[in-house]
Amino acid sequence: RLERTLYRRALGSLENEMNEIFRVFGLDYARVEVKETEDAFYFVVVDRQGRERPIASLSGGEQIVIALAYVLALNRMMHSNIGFLLLDEPTDMLDDERRRSLVDVLGKLTEEGGLQQLIVITHHMDLVDNVDKVCSVEKGPDGVSTVKCEGD
């Protein structure tokens with residue numbers, strides 16, 4: 001019974017943290033809700049009219065925002081000092097406004113001390129304005145990729 005109570009409180013905290021991060025992205029939805037089945041939990045988005053929308057019905061960019069909100073909320077909720085976070089193409093389906101929102105969210109996360117190292121793999125060079133080091137991967141004519149970092 002105690003375990004179930006703690007589990008439900010944790011899901012409530014997760015939902016609150018996700019919604020705090022979710023709002024920063026300015027999507028046209030009211031909130032994210034955490035739902036449960038007997039053996040799992042899942043997310044739905046609630047629109048401004050109160051209708052639930054399954055994650056699968058959202059655009060690719062909106063799905064990325066939900067996934068990022070989840071990962072970042074877990075980190076915040078656990079007061080995690082995970083050391084680093086690796087994001088592979090998190091901006092791939094985001095428009096310019098959402099991409100800037102992501103940069104703001106990640107900046108706050110690193111400023112709060114919850115994240116000591118952030119590695120972002122991206123083709124969007126507008127993300128590199130506030131980074132310590134930029135590395136690029138280039139494929140040579142022989143098909144072998146090399147990594148070149150600024151200052152190396």
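Residues numbered from 1 in each chain as written. Predicted model: local features only at pLDDT ≥ 70, side-chain atom pairs only at ≥ 80, totals over all residues. Heavy atoms only, no water.

Trainee: Any chance you could explain the pairing of strand β4 (residues 84-88) here in plain terms?
Mentor: Two faces, one strand: in a regular strand the side chains alternate between the faces of the sheet. Burial along β4 is one-sided: Leu85 and Leu87 are buried, and none of Phe84, Leu86 and Asp88, which face the opposite way, are. Direction of pairing for β4 relative to strand β5 (residues 117-121): parallel, over a ladder of five bridges. Bridge assignment links aspartate 88 to a residue of β5, and that residue is isoleucine 121. (Buried < 20%, exposed > 50% of the residue type's maximum accessible area, 1.4 Å probe, protein only. Helix = DSSP H or I, 4+ residues; strand = E, 2+ residues; numbered from the N terminus. Pairing = 2+ DSSP bridges.)

Trainee: Can you walk me through the state of the cysteines in this structure?
Mentor: Here, disulfide denotes a covalent bond that connects the sulfur atoms of two cysteines. Applying the stated criterion across every chain yields a total of one disulfide. Residue pairing for cysteine 135: its cysteine sulfur links by disulfide to cysteine 149, the two sulfurs lying 2.0 Å apart. Between cysteine 135 and cysteine 149, the S-S dihedral sits near 105°, and the bridge is therefore right-handed. Taken as a pair, cysteine 135 in strand β6 (residues 135-139) and cysteine 149 in strand β7 (residues 145-149) lie far apart in primary sequence, 14 residues in all. (Disulfide = S-S within 2.5 Å.)

Trainee: I tried to follow the sheet that holds strand β1 (residues 31-36) on my own but got confused; where do I start?
Mentor: Taken in spatial order, the three strands line up as β1-β2-β3 in an open sheet, and their pairing is antiparallel. In the strand order of this sheet, the two ends are held by β1 and β3 (52-54), each with one partner. For this sheet the average axis-to-axis angle between neighbouring strands, irrespective of direction, equals 45°. Where β1 lies against strand β2 (residues 41-46), six bridges are found, and the strand directions are antiparallel. Bridge assignment links valine 32 to a residue of β2, and that residue is valine 45. (Axes fitted to C-alpha atoms, helices over the stretch in contact; angles between N-to-C directions.)

Trainee: Honestly, the pairing of β6 in this entry has me stumped. Any pointers?
Mentor: Of the pairings in the sheet, the one linking β6 to β7 comprises five bridges and is antiparallel in character. Residue pairing for β7: cysteine 135 is matched across the bridge by cysteine 149. Once β6 ends, the chain turns through five residues before running back antiparallel as β7, passing glycine 143 with a positive phi of about 85°.

Trainee: What is the right way to look at the packing of aromatic side chains in this model?
Mentor: Given two aromatic rings, one states the distance between the centres and the angle between the planes to describe the pair. Considering all chains together, one arrives at three aromatic pairs under this definition. A ring pair is formed by phenylalanine 41 and tyrosine 70, whose centres lie 6.5 Å apart and whose planes are at 55°; its orientation type is tilted. A residue pair is termed long-range when its members are at least 10 positions apart, and phenylalanine 41 in strand β2 and tyrosine 70 in helix α2 (residues 60-77) qualify at 29 residues. Overall, the relative accessible area of 30% leaves phenylalanine 41 in the partly exposed class. (Phe/Tyr/Trp six-rings, centres within 6.5 Å; stacked < 30°, edge-to-face > 60°.)

Trainee: Is there a simple way to explain the environment of histidine 124 in this structure?
Mentor: Tracing the sequence through the fold places histidine 124 in the loop between β5 and β6. Relative accessible area serves as the criterion here: at 21%, histidine 124 is assigned to the partly exposed category. Along the chain, histidine 124 and glutamate 36 lie 88 residues apart, while their C-alpha atoms are 36 Å from each other. Setting aside chain neighbours within four positions, we find histidine 124 in contact with Thr91, Asp92 and Arg99. A distance of 2.8 Å separates a polar atom in the side chain of histidine 124 from a polar atom in the side chain of threonine 91. Side-chain polar atoms of histidine 124 contact the side chain of arginine 99, separated by 3.2 Å. (Contact = heavy atoms within 4.5 Å. Polar contact = N/O pair within 3.5 Å; in protein donor to acceptor, adjacent residues only side chain to side chain.)

That is the geometry; function is a separate question.
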